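Results of the structural survey
Here's the letter readout for the chains.
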Amino acid sequence: MSARYEELKNLKNLGQKYAYSDREVMLYAYGIGLGADPMDENELAFVNEGTLTPRPLKVVPTFASVAAWGSGPGEMNLNRVMVVDGERDITFHQPLPAAAHITADSSVLEVYDKGKDKDKGVVISHQTVLKNEKGEKLATLVASRFARGDGGFGGPNLTQPDPHKIPSRAPDRTVDISTRPDQALVYRLCGDRNPLHSDPEFAKKAGFPRPILHGMCTYGITCRAVLQTYADYDPSAFRQHIARFSSPVYPGEIVTMDMWKDGNVISFEAKVKSRGVTVIKNGKTVLG
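Predicted model, so just to flag it, every value in this text is computed and none were measured. (Residues numbered from 1 in each chain as written. Predicted model: local features only at pLDDT ≥ 70, side-chain atom pairs only at ≥ 80, totals over all residues. Heavy atoms only, no water.)

Here we come to the layout of surface pockets. Empty space within the second largest pocket amounts to approximately 290 Å³. Breaking the lining of the second largest pocket down by element, the ones donating at least two residues are strand S2 (83–92), strand S3 (100–115), strand S4 (121–131), strand S5 (137–147), strand S7 (238–245) and strand S10 (277–287). Across the lining of the second largest pocket, the residue classes tally to 8 nonpolar, 5 polar and 6 charged. (1 Å grid on protein atoms, 1.4 Å probe; cavity = no way out; pocket = protein on both sides within 12 Å on 5 of 7 lines; lining within 4 Å. Points joined across faces, edges and corners; volume = space filled by probe spheres on them. Helix = DSSP H or I, 4+ residues; strand = E, 2+ residues; numbered from the N terminus. Nonpolar A, V, L, I, M, F, W, Y, C, P; charged D, E, K, R; others polar.)

Of the positions making up helix H2 (residues 22–31), those classed as buried are Val25, Met26, Leu27, Tyr28, Ala29 and Gly31. Against the buried residues of H2 lie strand S1 (12–20), helix H3 (41–47), helix H4 (64–67), helix H5 (183–187) and helix H7 (215–229). (Buried < 20%, exposed > 50% of the residue type's maximum accessible area, 1.4 Å probe, protein only. Contact = heavy atoms within 4.5 Å.)

With that out of the way, let us pick up the sheet that holds S4. Ordered in space as S1-S3-S4-S5-S2-S7-S10-S9-S8-S6, the 10 strands form an open sheet in which the pairing is antiparallel. Only two strands of the sheet have a single neighbouring strand rather than two, namely S1 and strand S6 (173–178). Shown here is a sheet whose adjacent strand axes are inclined to one another by a mean of 20°, direction ignored. Bridge count between S3 and S4: 11 bridges; the pairing is antiparallel. If you follow Asp113 over to S4, its bridge partner there is Val122. This element, H7, spans S2, S6, S7, strand S8 (254–262), strand S9 (265–272) and S10 of the sheet and lies at about 135° to S7. (Pairing = 2+ DSSP bridges. Axes fitted to C-alpha atoms, helices over the stretch in contact; angles between N-to-C directions.)

This is the structure:
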């Protein structure tokens with residue numbers, strides 16, 4: 001077995017301690033575009049705790065993706081310029097509180113060595129379990145990291161699981177969500193300071209004409225679309241949210257979200273029609 005494969009596969013980091021407040025909760029909601037209309041009470045519930053009429057602040061379910069920003073199974077020693085998000089799958093065990101001290105347990109699930117040729121690389125799947133101070137699970141995050149410059153080290157010949165299948169019929173609902181030209185500069189304050197999203201020179205070095213929107217910001221936007229259409233802005237309705245990243249969004253573009261409802265399962269894909277590209281594939285939300 002490849003030593004590099006074993007090195008990655010055995011990465012584990014337990015008992016990582018984090019804390020967040022309503023400030024981080026509101027910043028995340030604003031970072032994915034909620035609150036653009038200052039008179040929309042449904043969206044204000046995620047970015048404003050209320051003054052004359054105080055109310056519990058709602059937490060976007062996918063805030064779980066940044067609640068313990070920096071947690072992970074350990075240093076993977078990858079070519080940072082060539083690393084992008086591949087897929088994200090969050091299972092929600094209970095609604096996230098508006099402020100909390102939490103613990104994160106992280107480990108690598110699997111390593112898929114696709115080869116060293118161009119556009120191959122390695123996919124690393126890792127899991128982080130978030131727990132509250134009582135030790136109760138809040139959310140389980142499974143992420144895949146696609147490192148385009150790090151494959152070909154002789155890992156086992158493994159096949160990734162098949163993605164969720166999107167229905168063949170016409171979408172049941174479609175919504176357009178606008179992004180702001182400065183949205184990546186706001187979202188990066190949630191934790192991801194990768195210069196790919198803020199530095200034009202770095203973005204060009206990575207093969208993009210200009211900085212791209214964080215894949216996890218696009219992921220949050222897909223959660224927002226389900227939240228406003230099928231969940232009646234109720235975060236507690238979410239049980240799972242899965243998406244596969246297929247192409248980047250550039251800040252300022254309009255993301256079009258197609259959705260299909262089958263019972264409590266919402267299938268979805270997201271596109272940028274102006275460029276004719278699909279940016280999110282094989283999406284699935286499970287509502288309770």
